[in-house]
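Commentary on secondary and tertiary structure
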Amino acid sequence: MGNMLTIAMPKGRIFDEAANLLRKAGYKLPPEFDESRKLILEVPAENMRFILAKPMDVTTYVEHGVADIGIAGKDVMLEEERDVYEVLDLKISDCYLAVAGLPNMSGSDVVAPKVATKYPGVASSYFREQGEQVEIIKLNGSIELAPLIGLADRIVDIVSTGRTLKENGLVELERICSITSRLIVNPVSYRMKDAQIDELVSRLSEVVEGEAK
Ligand SMILES: Nc1ncnc2c1ncn2[C@@H]1O[C@H](COP(=O)(O)OP(=O)(O)OP(=O)(O)O)[C@@H](O)[C@H]1O
Ligand SMILES: O=P(O)(O)OC[C@H]1O[C@H](OP(=O)(O)OP(=O)(O)O)[C@H](O)[C@@H]1O
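Summarised in this report is the structure supplied together with it. Values in this document were obtained by computation on a predicted structure and should not be read as measured data. (Residues numbered from 1 in each chain as written. Chains lettered and ligands numbered in written order. Predicted model: local features only at pLDDT ≥ 70, side-chain atom pairs only at ≥ 80, totals over all residues.)

Moving on to the site of ligand 2. Surveying the vicinity of ligand 2 reveals the residues Gly141, Ser142, Ile143, Glu144, Asp157, Ile158, Val159, Ser160, Thr161, Gly162, Arg163 and Thr164. Counting residues per element, the ones that place at least two in the shell around ligand 2 are β9 (154-159) and α7 (163-167). When residues in the shell around ligand 2 are grouped by element, the largest group, 3 residues, is from β9. For the shell around ligand 2, the class distribution of residues is 3 nonpolar, 6 polar and 3 charged. (Near = placed C-beta within 6 Å. Helix = DSSP H or I, 4+ residues; strand = E, 2+ residues; numbered from the N terminus. Nonpolar A, V, L, I, M, F, W, Y, C, P; charged D, E, K, R; others polar.)

Printed below as a string of structure tokens:
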């Protein structure tokens, strides 16, 4: 029996799909796995331990090596550069990042329009590449509020069904990039636990490829 693998799982909307993938890959996760409020879940039969993290924090645990592996949205990877390997696109929790605003405001002549976002890093590099000067305002959620109450001229946020934009009378102005969840690995773990990690990656990639068909 080799070393135990520690996996950082995102709580919230990615969790169910990620657990589902692991089960399809043949990992026997107990039923309590999905209901528990525990933040560390041991699965001795699989020689695995799961830590339940906020989605934005998964990369931090993996970079620091307290988790060998993690599941993180590409949005989180893009927001902050991390010393981790991205080894597999799990193709779950897909959505995209977009610029949105009130209708008929896109051509407005504000000099440095204000952009509200949970993703200041992504937003700054996007507008820099576009050669557009903006002022970024960092918010932690309910981003769609900002243009409605006059805090910002535009937003950069995640869109999935488009319902939130629609119900708040906002329109998508530009699409920035597609987002899916990724399997990430700590570089030292990859060397020390290569056999176990390779096996996990190959079992998961088989499921991902199967789902794509
Ligand atoms: N409609 C969506 N809105 C936000 N994130 C989405 C959406 N669809 C998929 N995702 C993925 O899920 C991740 C966010 O998950 P979740 O919303 O559970 O966490 P969160 O943003 O930290 O939310 P909260 O702070 O409300 O717990 C994102 O990083 C993204 O990759
Ligand atoms: O296109 P849709 O399917 O409507 O999904 C997009 C919305 O979902 C997310 O917010 P979330 O529910 O995580 O709340 P938050 O804004 O408080 O983070 C995201 O920030 C958008 O607001």
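Now that the structure is up, let's keep going.
Now for the site of ligand 1. As a structural note, the neighbourhood of ligand 1 is formed by 16 residues, with Gly12, Arg13, Gly73, Cys95 and Ser160 the closest of them. Of the residues belonging to the shell around ligand 1, the class tally is 7 nonpolar, 6 polar and 3 charged. When residues of the shell around ligand 1 are sorted by domain, at least three fall in each of domain 1 (5-93 + 180-212) and domain 2 (95-177). (Domains from an automatic or database assignment.)

Reading across the sheet, the 5 strands line up as β8-β7-β9-β6-β10 and stay open at both edges, with mixed pairing between neighbours. Where the open sheet ends on each side, the last strands, each with one partner, are β8 (135-138) and β10 (171-179). Averaged over all pairs of adjacent strands, the angle between their axes in this sheet comes to 25 degrees, without regard to strand direction. As paired strands, strand β6 (residues 95-101) and β10 are joined by 7 bridges and run antiparallel to one another. Paired with Cys95 across the two strands is Ile179, which belongs to β10. Each of β6, β7 (114-117), β8, β9 and β10 touches helix α5 (residues 120-129); the most contacted strand, β8, lies at about 165 degrees to it. (Pairing = 2+ DSSP bridges. Axes fitted to C-alpha atoms, helices over the stretch in contact; angles between N-to-C directions. Contact = placed C-beta atoms within 7 Å.)

Nothing here speaks to function; it is geometry throughout.
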